[in-house]
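A structural walkthrough
The primary structure of each chain is shown beneath.
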Amino acid sequence: MNRLGKKANETLIEMALSADGEECNGPETISTAGSEIPSSSEGLNSTETTLLIPEHQVIDKRHQSKDSIFFRDGVRRIDFVLSYVDDLNKEWEKKLERRKEFESNLQKAGLELETEDKKESEDGKIFFVKIHAPWEVLITYAEVLNIKVPIKENDIPPMVENPLDCVLFPLRLPENVMHPEPDYFTAPFSKDKQELFLINDESTFFSPSMRNRIVNYILTRCPYGTEEGKKKFGIKRLLNNGTYTAAYPLHDCQYWKKASDPNCDSERYTLYMEWARFLRFYKEQPLDLIRKYYGEKIGIYFAWLGFYTEMLFLAAVVGLICFLYGLFTMDENMSSKEICDPAIGGEIIMCPLCDRDCEYWRLNTTCESSQYSHLFDNVATLFFAIFMGIWVTLFLEFWKRRQARLKYEWDLVDFEEEQQQLQLRPEYEAKCTQKKRNPVTQEMEPYLPLTSQAVRFCISGATVLFWVSLIIASMIAVIVYRLAVYAAFASLMENTQTLQPISGLLTPQLATSVTASCLNFVIIMILNFFYERIAIWITDMEIPRTHMEYENRLTMKMFLFQFVNYYSSCFYVAFFKGKFVGYPGAYTYMFNRWRNEECDPAGCLIELTTQLTIVMAGKQIWGNIQEAIVPWICNWWGRRKARNNPENLYSRWEQDHDLQTFGPLGLFYEYLEMVIQFGFITLFVASFPLAPLLALMNNILEIRVDSWKLTTQYRRPVAAKAHSIGVWQEILNGMAILSVVTNAFIVAFTSDMIPRLVYYYAYSENEDSPMSGYINNSLSVFQISDFPERNEPKENPENFVICRYRDYRYPPEHEKKYLHTMQFWHILAAKLAFIIIMEHVVFIVKFFVAWMIPDVPADVKAKIKREKYLTQKILHEYELEKLKERLCQGDKGATEKEFIATEGRMELSRAM
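About the criteria used
Residues numbered from 1 in each chain as written. Predicted model: local features only at pLDDT ≥ 70, side-chain atom pairs only at ≥ 80, totals over all residues. Heavy atoms only, no water. UniProt positions renumbered as here; feature names shortened; annotations may be inferred. Phe/Tyr/Trp six-rings, centres within 6.5 Å; stacked < 30°, edge-to-face > 60°. Helix = DSSP H or I, 4+ residues; strand = E, 2+ residues; numbered from the N terminus. Lys NZ or Arg CZ within 6 Å of the ring centre and 35° of its normal. pLDDT = per-residue confidence, 0-100. Contact = heavy atoms within 4.5 Å. Buried < 20%, exposed > 50% of the residue type's maximum accessible area, 1.4 Å probe, protein only. Disulfide = S-S within 2.5 Å. Core = buried A, V, L, I, M, F, W, Y, C linked by side-chain atoms within 4.5 Å.

Identification of the protein chain as Anoctamin from Catharus ustulatus is taken from an unreviewed UniProt entry. Its UniProt record gives the protein chain the following Sequence similarities (unreviewed entry) comment, quoted word for word: "Belongs to the anoctamin family."

This is the structure we're talking about:
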């Protein structure tokens, strides 16, 4: 059954191009007007070539279905499409020669081409080259890429039905959507053992995603000539230099209706109807169909996103309960009661919040903000911080189990990274002209000299350091803005009558925080826009050796930048604001000019909540606009002419050509967006228990937006394999550990929980109401006459003698005037002890939970062993049968000892 006479370890490109000038003996290809492949028209331009084509070869496009995914013969499937514009500029002849050479080499590699003339295209300018991979090419590269194919139907009984299935029935999708194919035992394809595999129909044995993956592998490695003494190859270079304008596999139909061709599965239509519409948000995802249509790499992203969203539901419920606890106990909060009480808070005169221009103010003016602060700064905050430390461990451990199940179900258990991720990048092979011998394979391989690597890494590191410094500089600029405008807001709110009704809710601190957060968000978006391009450029400059190296380097650069960019402002508010203020008469200043900010008397937690909400919600809204609205507008603009023409004139390849390109980094940005969100709900969740709820609502929308844009607005991506989420798993693990530390510090230093507990147990003098008097205890006294001229307010109309400020210092009449009291040191010791205890408790629970939950479920382990056993048994039986045939035919090469050895190997396999 083997259809190829060449050796199995040779690829078709190697076989064809090694025959120095040998004519291609593959199947005859049909070429229409504008083709640059036939030797008879070599050297002619497109117009001249058209004149040489017989009249019967010009196909009337009106008789061709717009949903056709086949060549004109209606038999050979279109696996890939290349497009180009024949523009008569100074580069025209060079591009023409490149295309001729490239397409000629594709034919030598066994691919079949069919070209659509530009006169048949919608705008009369674009040529389309349709590519078909015949059976011989598919089986050769299926072996090269180690693609697993069915050998036997799975005989393992299905899992026991879940008793909750009847309850979850409304969330289920039809069985034919969830499991579009039967379950098989699989084995890597081998051309020499084709009888082993369940080949019912050669045209459908390899799925369209497998076919386009194979063709893309050939396209990325096919040469097109030599320029400047260097060998040039790969479709990526041809796209970059404008020789081709696009290269893409086809969708199988229009998304809003099924294809008219009965041979088409219309999987795109099924995905749209059952998955990509927002009204299906409550339904499970058809992961097997996603994997079949788009490939494992995209499938595992949606599996991870769906699992992450499911786990967020628990965190959102607990966070909502903690928020409701704060809401219902708001009226019982003694601190806000004392602040709002005219006899207590109304009589406490606070020191001015800025120099000279600000006035003395009464504590009860912050009544509303102190009440709202209790929503997030209460005992439930501590519980939720500990809960989220455990939740993130459960999420990561259960995802490992889910990932292990998917690896088995999607035939990725023995997936070798060398077959795809560790293979040399074409760009590396092209740019590295020097070669050295591989000590393992003893073959000559391209390499990048150490000196060149060092120079490139130095440039890359300096560039990243510069941009990180730019972020820090922008954050300092925002801090300066906060310091500079605070006095203006304070003066404006005191002197503007129209703002008086909301002055209690919108304090100068809150107004400054909100505007600074909005400004910070705008700066974040601008820096992101530029850095994304810089990160790709410097990663390309490093010339990573493999695809995995490229992705990992780009991921670390982008994540480092995004981490500093998005979280720096939150870290400032959480851990620096109000911590280095000094005290009246001895304030600390930034650049010896702007006085450092103070926290609200109710604490800085409400400001951290504001900062987190604006940045997190703003990023999610902006991300959805970029992902959904922008592609839709671009596609609408590109298709505006086509709507005025008959449908049968708008072919399948033209429809897909007018869509947006998903690109090789499409999933990278999706992962990055979700990982940044993961940081918001873990690193700072102690300040905002509603963050998981916001993330849950966003992710429910995100799944449908991503599926909708992928199904309707983007060209079909090239299928790619992946057995995990890659380096993102390690990043999530690192953030999970860091989140324990940050939340412990937030509870200890940003919230008022520890000072209140210390007062409750050590300094309260009222047994009936232990927290009464806390506000007075937490405010120190300053004698106004001690103000230096730089700090003293311009006016003191009520002739106040003393003012209060937030700190624990001795009063002016004490011998240790304005030095820290013993209570300050007690509170600091309690904060440090709390951090140590909380971190150790959470880490111990985390590691215990991680140890208790195995990474691979027991039933999956059993299925993997069963499949390996059956696969080995089938392969050995096949070899035994072949050996028997050779013995019966009198083959002298088949000895009785070889027969006995083969039987012994089968017995050993059964025993194992």
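Moving on from the coordinates now.
1. Re the packing of aromatic side chains
One pass over the full model with this rule turns up 59 aromatic pairs. Aromatic pair Phe571 and Phe575: ring centres 5.6 Å apart, planes at 45°, arrangement tilted. On the criterion of helical spacing, the pair formed by Phe571 and Phe575 is a turn pair, its members being four residues apart in helix 20 (residues 547-575). If you follow Arg99 out to its NZ or CZ, it ends over the ring of Tyr84, 4.0 Å from the centre.

2. Some details on the confidence of the model for the protein chain
Do not read the fine detail of predicted coordinates wherever pLDDT is low. Chain-level pLDDT for the protein chain is 81 on average; 83% of the residues reach the 70-or-more range. The low-confidence segment residues 417-422 (pLDDT under 50) makes 20 contacts with residues lying over four places distant or belonging to another chain.

3. Let's talk about the UniProt feature "coiled-coil region" (unreviewed entry) in the protein chain
If you check UniProt for "coiled-coil region" (unreviewed entry), the listed places come out as residues 85-119 in our numbering. With 49% helix and 17% strand, residues 85-119 has its two end C-alpha atoms placed 12 Å apart.

4. A look at unusual backbone geometry
Its identity is not glycine, yet Asp411 carries a phi of approximately 60°, on the positive side. Structurally, Asp411 can be placed in the loop between helix 15 (379-409) and helix 16 (417-420). Residues other than glycine seldom take positive phi values, yet Tyr818 does so here, at roughly 65°. Assignment of secondary structure puts Tyr818 in the loop between strand 18 (802-806) and helix 28 (822-852). Residue Tyr818 is classed as buried on the basis of its relative accessible area of 6%.

5. Quick notes on the state of the cysteines
Per the counting criterion, the structure on display carries three disulfides. Disulfide pairing places Cys340 opposite Cys367 at an S-S distance of 1.8 Å. Judged by the sign of its S-S torsion, about 100°, the cystine formed by Cys340 and Cys367 is right-handed. Residue Cys340 is located in helix 13 (residues 334-340), and its partner Cys367 is located in helix 14 (residues 367-373); the two are separated by 27 residues in the primary sequence. What makes Cys367 buried here is its relative accessible area of 13%. Covalent S-S linkage joins Cys354 and Cys358, the inter-sulfur distance amounting to 1.7 Å. Classification of the bridge connecting Cys354 and Cys358 rests on its S-S torsion, roughly 100°, and on that basis the disulfide is right-handed. Per residue, the accessibility class of Cys354 equals that of Cys358, and both read buried.

6. Regarding the nonpolar core
Residues Trp304, Tyr308, Trp391, Phe395, Tyr567 and Phe680 are the most contacted members of the largest nonpolar core, which totals 139 residues. Of all the elements, helix 12 (residues 296-328) adds the most residues to this core, at 16 residues. Listed in part, the 46 residues of the second largest apolar core include Phe102, Leu113, Val129 and Cys222.

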